[in-house]
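# Close look at the chain arrangement
What follows is each chain in one-letter form.
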Amino acid sequence: MKHHLSSLLFVLCVLYIAKQSGCYKILAIVPSPAYSHQIPYRRLWLELHKRGHEVVLATANPIPNIKSQNFTQIDISQSYGIMKKLDFVQFRFEGKSWLDIVYEKLLPVTKVFAETVFNSTELRKLYAPESNATFDVYLTEFLFAPATYAFAHRFNVPMIGLSSVGLLAFNEHALGGLVLPSHEYTWEMEDNTGANLPFLKRLRNFINMSYYIHYYYHALIPYQQKLAEKYFGPLPPLLDVLKNVSMLFVNQADVMIAARPKLANIITYTSSHIEKKLTPLPKDLQAFLDGATNGFIYFSLGSNARSASLPLEIRRMFCDVFANLPYRVVWKFEEDFPGKPDNVYVGKWLPQQTILAHPNIKLFIYQGGLQSSEETIYYGVPILGFAILADQDYQVARMEALGIGKCLEITTLKKNELENTITDLITNRKYKERIHYIRNVMQDTPYDPVKNLAWWTEYVIRTKGAPHLRSSLAFQPWYQRCDMDIVMFLTISIFLIASTTFYLIAKIVVYIHKKIKSIDKQKIS
């Protein structure tokens, strides 16, 4: 009996140790105070927790109804205050480009993002010098707060970067990727990209992109370095920490982007935030949509841009057009809206996916947000896009290129242009047919995208950072990556050889000419 009992205890100990050895401690920080920057990763956190890993998540939008000792959420939503002060609609109407916003607003805004993380009471306890906290991997957003990369150094763990808006050109450059200033994928250039652009436009893009990357290297990174060292003490260069990132998880469907070379350690995924169980509609909204016998239009500018910030004449134009249409309209509008047409329902916050899933919907008018693009494709709703900021110019242009909608410029919009475009998108079946095809392409994958991300997270831990997937170009000078020094050497050499040859030929011709003239003179004399 004693022998059996001891054997049982031994087996239980082995099983316990085996279970513990397969469970990892994961730290995740997503600093951006924007709902659209948080929800693409939620299923990943839940999947990692489901696999038995301990997750510590710092987020501006905590996941509701999570009660587990192995899932700790740290609320860093205080930084929403500075985001609410940024009126992106006003910036659009003032003619500010995304690069203008970066140069004018980025440093103070990203300082708030990073300091909100560093000043969190729970996180301070974790990274304090006397803390015994340990982790196996660190996942963080790869956008505008590189000071937060310091956590990877503090805990001496591999880092996985996250991006919900594609990959920044600066990060692509720093990691040894190929930066193409005029390629459609380079969203920082907004609507200035495309195939076969004229020389002067490509030259402008090249200059703007060079300055943009220079700004990151010589303004943002040093600024964030000092900020991180204020809390962590002396650190290695954050640029080196960035370059040693193990992997990047980029929220992007391949069919929704223009194809281009991709780094080996980039894993793309899409539509992870699509709800399995839709949020119920308010009763009055449910009745409004159910009664839309001719169908309805849904209009929203997302979570970072506000419809209430639209100039009065633009709002009135939309109202006049909506009043003349035979459709009902649901409009996400953040304030009271006196004088709205009778066929328009206004709500300050609406369950977007439930609305898009309604059988009576005909059209989605939106700002070009990536998650909204994924949702409208998933639910098969044609779109009309009005870009407001950041990657949205690229997104709406790409939706038009895919044949699933159209894009217009909201700052120069005309009433008949809006009405005609809406009518065409609703009555022409080609948009609906095309979006169903794109949806099938997006969903045609051999694995669950979120389970795939969880597997790669574990892989990074198992392979101690997956160094074999990093591009060796990341640590080469920029001029060596494309052999620019060799190109310059050959150009100068060819120029010198050609100019010297031309000079010698010219000297010989002159010499021969003089000789001939002197001979002619001698004959005459």
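What you see is a predicted model, and the numbers here were worked out from it, not measured in a lab.

A separate point is the overall build of the protein chain. A tally of regular secondary structure across the protein chain gives 21 helices and 13 strands. By its C-alpha atoms, the protein chain is 130 × 80 × 45 Å across when sized along the principal axes. Going through the 525 residues of the protein chain one by one, you find that 52% of them count as buried. Sequence-distant contacts, at least 24 apart, represent 66% of the contacts inside the protein chain between residues at least 6 apart.

All right, on to the environment of Gln395 then. Inspection of the secondary structure assignment puts Gln395 in helix α16 (residues 392-401). Its relative accessible area of 3% is what places Gln395 among the buried residues. For Gln395 and Leu370, which are 25 residues apart along the polypeptide, the C-alpha to C-alpha distance reads 6.8 Å. For Gln395, the contacting residues outside a window of four places in its chain are Met256, Gly368, Leu370 and Ser373.

As annotated by UniProt and renumbered to match this structure, "transmembrane region" (unreviewed entry) occupies residues 486-512. Taken end to end, residues 486-512 is 100% helix and 0% strand, and its two terminal C-alpha atoms sit 38 Å from one another.

A few words on the sheet that holds strand β12 (residues 383-385). The six strands lie next to each other as β10-β9-β8-β11-β12-β13, forming an open sheet whose pairing is parallel. With one partner strand each, in any of the chains shown, β10 (344-347) and β13 (405-407) form the two edges of the open sheet. On average, adjacent strands in this sheet sit at an angle of 15° to one another, irrespective of strand direction. Across four bridges, the pairing between strand β8 (residues 296-299) and strand β9 (residues 328-332) is parallel. Pairing of Phe296 across the sheet is with Arg328, part of β9.

Across the two faces of strand β7 (residues 266-269) the burial is the same, with Ile266 and Thr268 and Ile267 and Tyr269 all buried. The pairing of strand β6 (residues 247-251) with β7 spans four bridges and is classified as parallel. Bridged to Val250 within β7 is Thr268.

This part is about the sheet that holds strand β2 (residues 54-59). Taken in spatial order, the seven strands of this open sheet run β3-β2-β1-β4-β5-β6-β7, and their pairing is parallel. The open sheet has two edge strands with one neighbour each: β3 (71-75) and β7. On average, each strand axis in the sheet is tilted by 15° relative to the strand beside it, whichever way the strands run.

Look at helix α3 (residues 42-50) against helix α19 (residues 449-462): their axes get within 9 Å of each other, and the N-to-C directions meet at 60°. Relative to α19, the element α3 lies oblique. For α3 against α19, the interelement crossing comes out right-handed. For the pair α3 and α19, the contacting residues are Arg43, Leu44, Glu47, Leu48 and Lys50 in the first and Val450, Lys451, Leu453, Ala454 and Thr457 in the second.

Bringing the layout of surface pockets into the picture now. When its volume is computed, the second largest pocket comes out at roughly 730 Å³. Forming the boundary of the second largest pocket are 24 residues, of which His173, Val179, Phe206, Ile213 and Trp478 lie nearest the centre. Within the residue set of the lining of the second largest pocket, elements represented by two or more residues are α10 (199-232), α11 (238-243) and α20 (478-481). Partitioning the lining of the second largest pocket into residue classes produces 15 nonpolar, seven polar and two charged.

We now examine empty space enclosed by the protein. Counted by the stated rule, this structure contains four cavities of 30 Å³ or more. Estimated volume of the largest cavity: approximately 100 Å³. Glu172, Leu178, Leu180, Tyr185 and Thr186 are the residues nearest the centre of the largest cavity, which is lined by 13 residues in total. Taken together, the residues of the lining of the largest cavity sort by class into eight nonpolar, two polar and three charged. For the second largest cavity, the calculated volume is near 40 Å³. Lining the second largest cavity are Leu175, Lys243, Val245, Leu263, Asn265, Arg470, Ser471 and Ala474. For the lining of the second largest cavity, the per-class residue count stands at four nonpolar, two polar and two charged.

A separate point is the pattern of salt bridges. Taken as a whole and assessed by the stated rule, the structure comprises 13 salt bridges. Close ionic contact of Glu458 with Arg51 constitutes a salt bridge, the shortest N to O distance being 3.0 Å. Within this pair, whereas Glu458 is found in helix α19, its partner Arg51 is found in the loop between α3 and β2, the two being separated by 407 residues in sequence. Overall, Arg51 belongs to the partly exposed group, its relative accessible area being 31%. Notably, a salt bridge pairs Lys230 with Glu115, separated by 3.4 Å at the nearest N-O pair. You can see Lys230 sitting in helix α10 and its partner Glu115 sitting in helix α6 (residues 98-118), a full 115 residues away along the chain. Connected via shared salt-bridge partners are Glu47, Arg51, Lys451 and Glu458.

Criteria and cut-off values
Residues numbered from 1 in each chain as written. Predicted model: local features only at pLDDT ≥ 70, side-chain atom pairs only at ≥ 80, totals over all residues. Heavy atoms only, no water. Helix = DSSP H or I, 4+ residues; strand = E, 2+ residues; numbered from the N terminus. Buried < 20%, exposed > 50% of the residue type's maximum accessible area, 1.4 Å probe, protein only. Contact = heavy atoms within 4.5 Å. UniProt positions renumbered as here; feature names shortened; annotations may be inferred. Pairing = 2+ DSSP bridges. Axes fitted to C-alpha atoms, helices over the stretch in contact; angles between N-to-C directions. Parallel < 35°, antiparallel > 145°, perpendicular 65-115°, else oblique. Left-handed = near helix turned anticlockwise from the far one by under 90°. 1 Å grid on protein atoms, 1.4 Å probe; cavity = no way out; pocket = protein on both sides within 12 Å on 5 of 7 lines; lining within 4 Å. Points joined across faces, edges and corners; volume = space filled by probe spheres on them. Nonpolar A, V, L, I, M, F, W, Y, C, P; charged D, E, K, R; others polar. Salt bridge = Lys/Arg side-chain N within 4 Å of Asp/Glu carboxyl O.

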